[in-house]
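# Chains, contacts and geometry: an overview
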Amino acid sequence: MIEDKNPQRTPLSELGEFKLIEHLTSHFKINHKSTVKGIGDDAAVLSYGKKQIVVSTDLLVEGVHFDLSYVPLKHLGYKAVMVNLSDIYAMNAMATQITVSVAVSNRFPLEALEELYSGITTAAKYYNIDVIGGDTTSSTSGLIISITAIGEVDKGNEVLRSGAQPNDLLVVTGDIGGAYMGLQILEREKEVFKVNPNSQPDLSMYNYIVERQLKPEARKDIVELLKQLEVKPTSMIDISDGLSSEVIHLCKQSKVGVDVYENKIPLDPQVISTCEEFNIDSTTIALNGGEDYELLMTISQKDYPKIKGNPNLTVIGYITEEANGMHLVTRAEQKIPIIAKGWNALKDQS
C-alpha cells in the first residue's frame, strides 16, 4: 500500500476559535452528576450541595493578545484577571478565587514580573479575590499568562447562554466599541513612534477609550444590581469577541432569532468622534470590536419595568423565533443578517 506523502492539513484559521473548540471537544462525555454544565458556555458549572461552583480559564499570549510596546505590565496583569472574572459574572455568579500561571522568556527581569503581579494583586484586592495557586515556567517565545477563575452561585441562580425565549428583550450593559477604538489609537501611536522615536504621544483626548483597552473592568456590579432589582436573566454572555459574535452564540445556544436595533446600541461620544477621525462606521465597531467585557443578556418582558431607565442597562433588541433569523435593524429600518466578524485569535496563524 502506497503511503500518502501529502496528507490533508486543515489550517486552524479556517475554523476559528469556537469551531475549533467544538471540533476538538465534541467527543467528551459528562460522566459525573456534579458536572451541571461542561464545555460550551462562559464557564463550567459544578454542583456541590446548595452552591454551584463556576470555573473558567483563559490564556493570553504575547504577540497574539497583547503588545508590550504599549501595554504596561501592571495593566496587563490587571486585565488578565478581568478577562477571567468577566466569564464568571456572565454566569450570574460571584468570583472568589483565581490561579495564575506564567511562562516567561529570559528577556524579562524579576522587576518586570513584579510589575505584572502588582496588577494582579490590585485586581484581586479590588474584586475581593483570593489568589490560591498557579505555576511558572520558562518560555522561548515571550510572555504567556494563564488564569483560572473560580466562583460560586446559589443552585438555580446560574444563567447559561441557552435560556433565551422568543419575546425576551436583548439587553447590554454600559457602552461598547471603546476598547477597539482605544486599540486603534495605541496602534497608530506605535507607528508614529517607529518613524520618530523622539515623539511623545498626547493621549489626553482619548483617555476613556485607551483605558477601556488597557484597563477594562469586569461587571461584578451588574450581578449585584440584578440581584437588587430581582431580575434573573434568561441567558447571558460577556462581550469579549464583539457584539455580533456574542449575539450569535446566545441565539444558537438558545435556538432563537433576534432583531438588534442599530439606533439602540449604546456608544460613548468619544467612540463616535474617534470613529469619525478614523473614517470608520461606529456601528461596525460596536458589532465587531470586542474586548469591552460588558455583559449581554436576555430578560423576560415582565422584568422590563424593573430595569427601565437604569443607566447601566440598555435594551437593544428583541428575541424572535429561530426561523426568523438574526438581523440588525438599521436606522433606515432595513434588516441585515448579523454575521460574526469579531476577534478570532486563530486568524492568520500558521
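Structure: above.
Conventions we followed
Residues numbered from 1 in each chain as written. Predicted model: local features only at pLDDT ≥ 70, side-chain atom pairs only at ≥ 80, totals over all residues. Heavy atoms only, no water. Helix = DSSP H or I, 4+ residues; strand = E, 2+ residues; numbered from the N terminus. Expected span 1.5 Å × (residues − 1). Buried < 20%, exposed > 50% of the residue type's maximum accessible area, 1.4 Å probe, protein only. Pairing = 2+ DSSP bridges. Axes fitted to C-alpha atoms, helices over the stretch in contact; angles between N-to-C directions. Parallel < 35°, antiparallel > 145°, perpendicular 65-115°, else oblique. Left-handed = near helix turned anticlockwise from the far one by under 90°. Contact = heavy atoms within 4.5 Å. Salt bridge = Lys/Arg side-chain N within 4 Å of Asp/Glu carboxyl O. Phe/Tyr/Trp six-rings, centres within 6.5 Å; stacked < 30°, edge-to-face > 60°. 1 Å grid on protein atoms, 1.4 Å probe; cavity = no way out; pocket = protein on both sides within 12 Å on 5 of 7 lines; lining within 4 Å. Points joined across faces, edges and corners; volume = space filled by probe spheres on them. Nonpolar A, V, L, I, M, F, W, Y, C, P; charged D, E, K, R; others polar. Core = buried A, V, L, I, M, F, W, Y, C linked by side-chain atoms within 4.5 Å.

## Quick notes on helix 2 (residues 73–89)
Taking 1.5 Å of rise per residue, the 17 residues of helix 2 would be expected to cover 24 Å, and the 25 Å separating its terminal C-alpha atoms lies within 8% of that figure. A large share of helix 2 lies buried, amounting to 15 of its 17 residues.

## A few points about the pairing of strand 3 (residues 51–61)
Here strand 2 (residues 44–48) pairs with strand 3 via 5 bridges, running antiparallel. By the bridge assignment, S47 is partnered in strand 3 with Q52. Between strand 2 and strand 3, which follow one another and run antiparallel, lie 2 residues, and G49 among them has a positive phi close to 75°. Two elements, strand 3 and strand 6 (residues 144–154), share 11 bridges in a ladder whose sense is antiparallel. Its bridge partner lying in strand 6, T57 is registered against T148.

## Some remarks on the packing of helix 4 (residues 178–195) against helix 8 (residues 269–278)
For the pair helix 4 and helix 8, the least separation of the axes is 10 Å and the interaxial angle reads 45°. By the angle between their axes, helix 4 is oblique relative to helix 8. Remark: the crossing between helix 4 and helix 8 carries left-handed chirality. Packed against helix 4, whose contacting residues are G178, M181, Q184, I185 and R188, the element helix 8 presents V271, T274, C275, E277 and F278 at the interface.

## Topic: the pattern of salt bridges
If you walk through the whole model with that rule in mind, you get 17 salt bridges. The partner of K306 in a salt bridge is D303, and the shortest N-O contact between them spans 3.2 Å. Through salt bridges with shared partners, one network takes in R212, R219, D221, D292 and E294.

## Some words on the packing of aromatic side chains
Scanning all chains against the criterion turns up 2 aromatic pairs. Centroid distance Y126 to Y127: 5.3 Å. Interplanar angle 70°. Geometry classified as edge-to-face. By relative accessible area, which is 59% here, Y126 ends up exposed. We classify Y127 as buried; its relative accessible area is 5%.

## What to know about the layout of surface pockets
Taken as a whole, the second largest pocket spans an internal volume of roughly 320 Å³. What lines the second largest pocket is a set of 15 residues, among which N92, V153, N157, V223 and K227 lie closest to the centre. Counting only elements with at least two residues in the lining of the second largest pocket, the list comes to strand 6 and helix 6 (220–229). No other element matches helix 6, which puts 4 residues into the lining of the second largest pocket. Each residue belonging to the lining of the second largest pocket can be placed in one class, and the counts come to 6 nonpolar, 2 polar and 7 charged.

## Some thoughts on the nonpolar core
Across soluble globular proteins, nonpolar side chains have a tendency to be buried as a group. The biggest cluster of nonpolar side chains holds 47 residues, and the ones touching the most others in it are L85, I98 and L143. Considering every element that reaches this core, the biggest residue donor is helix 2, with 9 residues. Discounting residues that sit within four places of it in the chain, L85 has contacts with A95, I98, Y127, I129, A149 and A218. Core analysis: the second largest hydrophobic core is formed by 22 residues, L243, V247, I248 and V258 among them.

## Description of unusual backbone geometry
The backbone phi angle of N128 is positive, close to 55°, even though this residue is not glycine. Mapping N128 onto the fold places it in the loop between helix 3 (110–126) and strand 5 (130–138). A residue is classified by how much of its surface remains accessible, and N128, at 60% relative accessible area, is exposed. We note that E333 has phi near 65°; this positive angle belongs to a residue other than glycine. In this structure, E333 sits in the loop between strand 12 (326–329) and strand 13 (335–337). Given the relative accessible area of 70%, E333 is considered exposed.

## Considerations on the pairing of strand 9 (residues 256–261)
Most of strand 9 sits inside the fold, with 5 of its 6 residues counted as buried. Pairing between strand 9 and strand 11 (residues 313–321): 5 bridges, direction antiparallel. Bridge pairing links V258 to I319 in strand 11. In terms of strand pairing, strand 9 meets strand 12 through 4 bridges, oriented parallel. Counted as the bridge partner of V260 is L328 from strand 12.

## Here's the deal with the packing of helix 4 against helix 5 (residues 207–214)
Closest axis-to-axis distance for the helix 4/helix 5 pair is 7 Å, and the angle between their directions is 100°. Taken as axis vectors, helix 4 and helix 5 run roughly perpendicular relative to one another. Of the residues in helix 5, those touching helix 4 at G178, A179, M181, G182, L183, I185 and L186 are I209, V210, R212, Q213 and L214. Broken down by class, the residue content of the contact of helix 4 with helix 5 amounts to 8 nonpolar, 3 polar and 1 charged.

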